Every structure is written in structure tokens, then in C-alpha cells.
Amino acid sequence: MNAIPETPLLSVRDLRVHFSLPGKGLFGKPRTLKAVDGVDFDLFPGETLGIVGESGCGKSTLGRAILQLIPPTAGQVVWLGKDIVGTRDRDLQPLRRDLQIIFQDPLASLNPRMTIGEIIAEPLVTHKADLGKAEIRNRVKTMMARVGLLPQMINRYPHEFSGGQCQRIGIARAMILEPKLIVCDEPVSALDVSIQAQIVNLLQDLQRDFGLSMLFISHDLSVVRHICQRILVLYLGNVMELADRDTIYAAPKHPYTKALISAVPIPDPELERSKERIVLKGDLPSPINPPSGCVFRTRCPFAKEKCATDIPMIETLGPSHQVACHFHGRM
Amino acid sequence: MFNKSRNATALEKSGPVEEFEGRSLWHDARIRLFRNKAAVGSMIILAIIALMAIFAPMLSPFEYDEIDWGYIQEGPNWENGHIFGTDGNGRDLFIRILYGARVSLAVGLLATAVSLVIGVTYGAIAGYFGGRIDNIMMRFVDVMYSLPFMFFVIMLMVVFGRNIFLIFVALGAVEWLTMARIVRGQTLSIRRREFIEAAHATGVSSFKIIFRHVIPNVLGPVIVYMTLTIPQVILTESFLSFLGLGVQEPLTSWGVLISEGAKVIEASTWMLVYPAIFLALTLFCFNFIGDGLRDALDPKDR
Ligand code: SF4
């Protein structure tokens, strides 16, 4: 991807999603869980942005907040030049045609009481009911063929399909309206490795043919490397690093990114043995009570005093490389 | 790992062009239900009782309110045609049991249907929207629950006078509360599922999500509870009749017949025994069917 168009399709500005939880005990103060705490990025037409991080880092919440499935607490989600945060459900309805989502658990994302024909047709029935039954059925069959499902299966039920096929059904449902953006929430992590490759290739094909943009949420760096042009690293709801794929794999600047990348096995045993590994100690701190200063400092091997007091600002290193660390240049 | 093999391999080995028929979960449940002997037997017995109730006038030479002056409170006797005997007013007991079946079954089915419609809609709405709406709606249910039922019925009777329709209303108005609670609980667990989120993400309206996605998925426990509600309603009606709050003479129900029989149990046992057999048989059948349905609809927790 060299010539990225100038105007972004989607701009996320200082997006925050906080959940308030009841306090401990009867009279405890209500606590706040900061699932997403100030995220900024742009997404351009036809681009795939990977959002990576450990489970519990807020990446799924971020995806849902962008689609307004979870109401953001603060910040902006600018879709095609218009901020959609706080828009009423009824006014969001026409926008939803262009915004779709694919889920992690393929079977759970399909209504067990509906045939797959009905499931895939639902977006069409909702947005283009004037097409008529026959035409809707036609389009469903065409889309089924496109995602690698036998169109004769149209009257079957989800429980009659395997996980990979269910994910194809989910993709067909997301694609049937030819949306502009698909949020893929760990679309392959529940599948077998051999099937993961098929689904990832299918997504890439569809993206190329339809000119889609994708937000690809995953914890699996090898999958993300394969499909994404840019990668955003999230930790406890904060952006750690955002860069082109090649930059981030070749020269990661943030210690957290370095640790994640060093944990990915390299197929070459020579290199695998000789590479420098950064092992993270400890567990992910609770997002209810995040560390002061840099949220990563409790697990960072390079943490200094300054990290506990000052929140690192996002620094721009290159045309598309941003990092949030005080000492990124001195490690 | 990610070599560029085409995905559409499934298409290449395309089989016959006609569409396969899918096997829905309902279909599977039906098969499991029909394998359950007790449930099938119960359905047959219930069907026979229902058919007898429907075609009652053809099955007996007597009318349900016809007084046979020659045989007052006589025991069962095949020669004179009073096969179950007669009651204290000389009316044929067999035909009265069948007419009683009409009332009892109709009360059971209608009151349950009323409770089903109100309870499922109410519970699904409360559970789906959650939050404050849920709170207000369910507190109202709690308040209704705490009203003493008998008091409620007696009040209705006093205000509107005695008629069958009121019994439906009274019973339905009480039974839907439990139904609403069951459906709300189920809805709470369903609405977190991803297919609901998928529908929401597509822009399906809440109303359609409730009726297209939530309710079909909570119907399993609802159907089971329904088969258990029918006998409960029949029993409650019998109880009301026993207290003299039920249907009006000469119309009758199983409850009325049993209460009359109980008064003369020493002199004429048959007046208690026959209606009681019908009532007990019906209750058993509904319970067996409910059991069978539960196993059929939820094969996991057997
Ligand atoms: S700011 Fe400090 S604690 Fe945070 S990543 Fe950089 S070195 Fe580590």
C-alpha cells in the first residue's frame, strides 16, 4: 500500500469508554473501569488496521465503541466527516449499512433458530426490503457462493455447519450490503489453524474485490502481520505504538511491542535461537486501578522513576509512526 | 501457513443443484419427544378426553341439564344408560363429566394462552431493555405477586358478578407473573449473545430483535412451563369451584363435580370417584408431556 488517499474514512479522536461498577461492600464508592482511555487513529479507504494487545486490553470494547454498540464516554468517532458519538439509534440506522462486524465465536453469532438463508438475508431485509423476496434470495445465494458456501445449503441451520463454515456465514452476512468498513473482532482465533488461513485469505480477497476497510482486532501477531497494513498496539486501553506493518516488525520502538514481537516464533530455528527475547513479568494490571504514569510501567523492563509520575505523550517519529514511551530512543 | 489457495474449493465439488432441507432445532426436539413413550401415551389420552369433550352430545342419550326423575342419585348402571350413575338432581354423571371437561380444559387452555401472550411479551421487553425499564416492570410484577390471589378473585366477583370469562381473566392475570419472570431471566442471558449484537450492529430495530431473535430462543422453557401451567390452572379453577366461586349451575366443571361428590362421599362414592379420575388423569398427562418436552427441548440437562 503506497498511495494512501488523504481523507480518512474513519477518524477516532481521544475515544474513551469507561464503565462504572458498583463499589465493594454496601457503602463502597462506585469504581470506574477504563476499558478504552484516549485512543486516536485514522483509517483510510481500502486499508486494514490491526489492533493488537493481550486479552482484556480493551480492543474488543474499542471495536464496539466505534460501531456505537457500546456508547463511548467521551471523544469522537468521525465517520465520513461526521461525528457519530451520541447519535440516536434511529439516526444511526442508515449508517449501519456501511458498518459491519464479524465476531470471534462463529456459532454464537448466528441465531440457532434461523436458517442461514434468513441469517444472511437479515441486513438486506432491514435495509433494502423493497428488493422483493426472490431478489433477496438470489443475492444471498450469490454471496454464499462468493464466500465459499454451497448455495444449496440455504435452508440449513447453523448447528449443521462446522466452525469455519459458520464464520463464512458470518462473513456473508457482514458482506451482503457491501459495507465500507468491517470490524473483525478476533475472527479466526476460535478456529483451527488450517481453517484460519482459509478465512484470512477469504477476508483479503473480499477486501480487494470490494475495496473494504477493515479493523482487524487480534492478539495473534502472525495473523495480523499477514493481513494488516498498519498496526496499533493497545495496552490497558491506551495506545502504545502505531506504525506501518514493516516498521513495527522491523524496528519496534515501544518495549511492549518489542515484547509482543519477540514472543512470536520465527520459523527459522537458527534465528529463533539467536533472537533477543523480552519476557514480560507479572499479569495485566486491573483496568479499574491502572498504574500511575505509564500504564505499562509495572511490567516494563526499562521502567525508571519518571515513568511512575509522568504519563508519556504520543510522539511522532516518522510519517506514520507514533509511540508513547519516555525512553523509546534510549534502549 | 497462509498460502494463496482459493477458498472456493467447496463450490468446485458442487453436488446436486436442488436445495437441501435443514433440520431445525424444533424438528430435532419433535423427534426426541415422539421417542418418549410416556409423553406420547399422555398425548393420546389427552386427545381422547378432548375429543370426548368436544363431541359430548353424541356420546350420550342424555342432556347435561336433563333431570331423570326415575333415577335420582343412583349408582352406575349399564341397563338404564347412566353408566357413571346420576347426581343428586337425577342428571347423568357421564355427560356432566364431559361438559365439565369442556369448561375445565377451556379454562386451562385459555388462561394459559392469556398468561403466555402477556408474560412472554412483558418478560422479553423487561429483560431486553434492562436497566430502569426492567426495574420498574419487575417491581410491578412483585407488587402483583404480593396481592392475595383469593382476595383478588373475590373482589372481581363482587364487582363484576360471577361468570366464566372472569375466571379466565383472574387466572390469566395471576399466571402471567411467573411466565414473565421466567422469560425475563432467559432474555437476560440471551441478549448478551453475539447474534443479538450482530442484529443490533446491522440496524435491526429493538422490537424486531425481540420478536425475531429473543422470543424464538426463549420458547423452550416457556413451552415446558406452559404444559405445567395448564394443570395448575385447572386445579385452581377446581379450587375456586370447590369454594363456590366457580362456574354457575347448571353448567359445571370438574371442580364443581368433585366438590358435590365430596359432600356425599359416604352415600354415593361414584359421584366423587369418576370426576376425580378424569381430573387426575388429565393432570398426570400434562405433567408427563411437560417432562417429555423438557427432555426433548434441552437434551443437555437430562
Ligand atoms: S514510559 Fe517507561 S514504563 Fe512506559 S514503556 Fe517507556 S520505559 Fe517503559
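Okay, so let's go over this structure.

**Some words on the site of the ligand**
All names here are of chain A. Near the ligand you find His254, Pro255, Cys294, Phe296, Arg297, Cys300, Phe302, Ala303, Cys307, Cys325, His326 and Phe327, and these make up its full shell. The cavity where the ligand resides is the largest cavity. For the shell around the ligand, the per-class residue count stands at nine nonpolar, two polar and one charged.

**Comments concerning helix α3 (residues 37-54) of chain B**
Residues and elements named next belong to chain B. Compared with an ideal rise of 1.5 Å per residue, which puts 18 residues at 26 Å, α3 spans 26 Å between its outermost C-alpha atoms and is within 8% of the ideal. Among the residues making up α3, those that are buried are Ala39, Ser42, Leu46, Ile49 and Ala53. When α3 is viewed along its axis, its buried side chains cluster within an angular range of 90° and face the same direction. Contacts from the buried residues of α3 go to α2 (25-34), α4 (56-59), α5 (93-129), α11 (254-263) and α12 (270-297). The N-capping residue of α3, defined by a side-chain oxygen 3.2 Å from the backbone nitrogen of Ala38, is Asn36.

**Re the sheet that holds strand β4 (residues 74-79) of chain A**
Residue and element names in this part refer to chain A. The antiparallel open sheet is built from four strands, whose spatial order is β2-β1-β4-β5. The sheet is open, and its two borders are formed by β2 (31-43) and β5 (82-83), each paired with just one other strand. Where β4 and β5 come together, two bridges link them in antiparallel fashion. Bridge pairing in β5 places Val78 opposite Asp83. Strands β1 (10-21), β2 and β4 of the sheet are contacted by helix α1 (residues 59-66), whose axis makes an angle of about 115° with β1.

**Some points on the pattern of salt bridges**
Residue and element names in this part refer to chain A. A complete count under the given rule lists 21 salt bridges over all chains for this structure. Close ionic contact of Glu186 with Lys59 constitutes a salt bridge, the shortest N to O distance being 3.3 Å. In this pair, Glu186 sits in the loop between β7 (181-185) and α6 (193-210) while Lys59 sits in helix α1, placing the two residues 127 residues apart along the sequence. The partner of Asp98 in a salt bridge is Lys180, with the nearest N and O atoms 3.3 Å apart. In this pair, Asp98 sits in the loop between α2 (89-96) and β6 (99-102) while Lys180 sits in the loop between α5 (163-175) and β7, placing the two residues 82 residues apart along the sequence. Classification of Lys180 as partly exposed rests on a relative accessible area of 35%. Through salt bridges with shared partners, a single network forms among Asp14, Arg16 and Asp37.

**With respect to the interface of chain B and chain A**
Note: interface size is frequently given as the accessible area lost on complex formation between the parts. Opposite the 39 residues of chain B that make contact, chain A presents 52 residues. Counting the surface lost from both chain B and chain A, the interface buries some 3900 Å², and carbon and sulfur atoms represent 52% of this. Joining chain B to chain A, the criterion identifies two salt bridges. Across the pair Glu197(B) and Arg64(A) runs a salt bridge whose closest N-O atoms are separated by 2.5 Å. When residues of the side of chain B that touches chain A are traced back to their parent elements, those giving at least two are α1 (9-12), α2, α9 (194-202) and α10 (206-242) of chain B. Here the residues of the side of chain B that touches chain A are counted per class, giving 16 nonpolar, 12 polar and 11 charged.

**Thoughts on the packing of aromatic side chains**
Residue and element names in this part refer to chain B. Applying the stated rule across the entire model yields eight aromatic pairs over all chains. Summarising the aromatic geometry, the rings of Phe207 and Phe211 are spaced 4.9 Å apart at their centres and angled 50° between planes, so their arrangement reads as tilted. In this pair, Phe207 and Phe211 both sit in helix α10, four residues apart, roughly one turn of the helix. Classification of Phe211 as partly exposed rests on a relative accessible area of 40%.

**A short note on the nonpolar core**
Residue and element names in this part refer to chain A. Ile171 and Leu203 are the most contacted members of the largest nonpolar core, which has 63 residues in total. With six residues, the single largest contributor to this core is α5. Those residues in contact with Leu203, other than ones at most four positions away along the chain, are Ile102, Ile171, Cys184, Pro187, Met214, Phe216 and Ile227.

**A word on the sheet that holds β7(A)**
Residues and elements named next belong to chain A. The mixed open sheet is built from eight strands, whose spatial order is β6-β7-β8-β3-β9-β10-β12-β11. Whereas interior strands pair on both sides, the edge strands pair on one side only; in this sheet they are β6 and β11 (315-318). Pairwise comparison of adjacent strand axes, ignoring direction, gives a mean angle of 20° for this sheet. Alignment of strand β9 (residues 230-235) against strand β10 (residues 238-244), held across six bridges, turns out to be antiparallel. Its bridge partner being in β10, Leu232 is matched across the sheet by Leu242. Against the sheet, α5 makes contact with β6 and β7, and its axis sits at roughly 175° relative to β6, the strand it touches most.

Each value, and the rule that gives it
- Residues numbered from 1 in each chain as written.
- Chains lettered and ligands numbered in written order.
- Predicted model: local features only at pLDDT ≥ 70, side-chain atom pairs only at ≥ 80, totals over all residues.
- Heavy atoms only, no water.
- Near = heavy atom within 4 Å.
- 1 Å grid on protein atoms, 1.4 Å probe; cavity = no way out; pocket = protein on both sides within 12 Å on 5 of 7 lines; lining within 4 Å.
- Sits in = over half its atoms within 2 Å of the grid points.
- Nonpolar A, V, L, I, M, F, W, Y, C, P; charged D, E, K, R; others polar.
- Helix = DSSP H or I, 4+ residues; strand = E, 2+ residues; numbered from the N terminus.
- Expected span 1.5 Å × (residues − 1).
- Buried < 20%, exposed > 50% of the residue type's maximum accessible area, 1.4 Å probe, protein only.
- Arc of directions from axis to C-beta.
- Contact = heavy atoms within 4.5 Å.
- Polar contact = N/O pair within 3.5 Å; in protein donor to acceptor, adjacent residues only side chain to side chain.
- Pairing = 2+ DSSP bridges.
- Axes fitted to C-alpha atoms, helices over the stretch in contact; angles between N-to-C directions.
- Salt bridge = Lys/Arg side-chain N within 4 Å of Asp/Glu carboxyl O.
- Buried area = accessible area lost by both parts, 1.4 Å probe.
- Phe/Tyr/Trp six-rings, centres within 6.5 Å; stacked < 30°, edge-to-face > 60°.
- Core = buried A, V, L, I, M, F, W, Y, C linked by side-chain atoms within 4.5 Å.

These values are about where atoms sit, not about what they do.
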